[in-house]
Amino acid sequence: MPAFEYKTNSEEETTSLGVLLAQHITPPAVVVLIGKLGAGKTALVKGFVKGLGVAEPEEVSSPTFPLIHEYGKPVRVYHVDLYRLETEEEVAGIGFEELFDRPALVLIEWGERFPNLMPMPRVEIDMEVTGETSRTIRVRTVQ
Ligand SMILES: Nc1ncnc2c1ncn2[C@@H]1O[C@H](COP(=O)(O)OP(=O)(O)OP(=O)(O)O)[C@@H](O)[C@H]1O
Ligand SMILES: [Mg+2]
């Protein structure tokens, strides 16, 4: 997939973009969501989950505890947040590597903090805050 750039102007638009992207980034796939606090990473995950039909957006919250949320059967979607972890050992300790044992869509927030642990190929989605409600969202494949 070539690189794409989108602009959104509300949380709802970002979630709608997630629904659209879910049609193109289908399991098995790994998506690393990159952007500062409040960029809209979780809002985009809500769209992926809705687009794959595995949960409603309202059911998706930040994976604070546990750090991995699982949706869907037989299409599995994992939503992971590595913000609170400091070392690769801690990431291994939450069963991160086992997520790639079976076909799934794995959506990872703050994965860029652990570049050695991010599988290839993967999709990276950069979310840039350009204003209070505006975001520039860039999608590219890394392989
Ligand atoms: N265009 C937009 N897209 C997404 N969210 C937006 C947009 N404009 C405003 N927002 C607001 O920004 C916040 C995004 O929150 P969200 O939890 O999705 O961010 P996050 O990147 O997952 O943050 P964190 O790193 O804390 O997990 C929400 O409060 C949302 O209403
Ligand atoms: Mg989040």
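Residues numbered from 1 in each chain as written. Chains lettered and ligands numbered in written order. Predicted model: local features only at pLDDT ≥ 70, side-chain atom pairs only at ≥ 80, totals over all residues. Heavy atoms only, no water.

## A word on the sheet that holds strand E5 (residues 104-109)
Using the following cut-off: Note: two strands are recorded as paired if DSSP finds a minimum of 2 bridges between them. For helices the rule is a DSSP run of H or I covering at least 4 residues; for strands it is a run of E covering at least 2, with both sets numbered from the N terminus onward. Axis definition: a line fitted to C-alpha atoms, over the contacting stretch in the case of helices. Angles run 0 to 180 degrees between N-to-C directions. Whether two residues are in contact is decided by their heavy atoms, any of which lying within 4.5 Å being enough.
Pairing in this open sheet of 7 strands is mixed, and the strands run E1-E7-E6-E2-E5-E4-E3 from one edge to the other. A strand with exactly one partner marks an edge of an open sheet, and here the two such strands are strand E1 (4-8) and strand E3 (68-71). Geometrically, the sheet is characterised by an average inter-axis angle of 20° between neighbouring strands, direction not taken into account. Across the sheet, helix H1 (residues 11-22) touches E1, strand E6 (122-129) and strand E7 (135-142), and the angle it forms with E1 is around 150°. Its contacts with the sheet put helix H2 (residues 41-51) on strand E2 (29-34), E3, strand E4 (76-81), E5 and E6, and the angle it makes with E5 is roughly 170°.

## Some thoughts on the coordination of the magnesium ion (ligand 2)
What counts, and what does not: Sodium, potassium and calcium take a 3.2 Å donor cutoff, other metals 2.8 Å, and in both cases only N, O and S atoms count; water is not among them, so sites may look incomplete. Between buried and exposed lies partly exposed: a residue is buried under 20% and exposed over 50% of the maximum accessible area for its type, with that area taken using a 1.4 Å probe on protein chains only.
Surrounding the magnesium ion (ligand 2) are the protein donor atoms Thr42 (OG1) and Glu109 (OE), at 2.1 to 2.2 Å. One end of the pair, threonine 42, is in helix H2; the other, glutamate 109, is in strand E5, with 67 residues separating them in the sequence. Note on accessibility: threonine 42 and glutamate 109 belong to one class, buried.

## Quick word on the packing of aromatic side chains
Stated precisely, the cut-off is as follows: The pairing test for Phe, Tyr and Trp rings, Trp by its six-membered ring, is centres within 6.5 Å, and the orientation test on the planes gives stacked under 30 degrees, edge-to-face over 60, and tilted for anything in between.
Inspection of the entire model under this criterion finds 3 aromatic pairs. Note on phenylalanine 96 and phenylalanine 100: the rings are 5.2 Å apart at their centroids and 80° apart in plane angle, and the pair reads as edge-to-face. When its relative accessible area of 28% is taken as the criterion, phenylalanine 100 is described as partly exposed.

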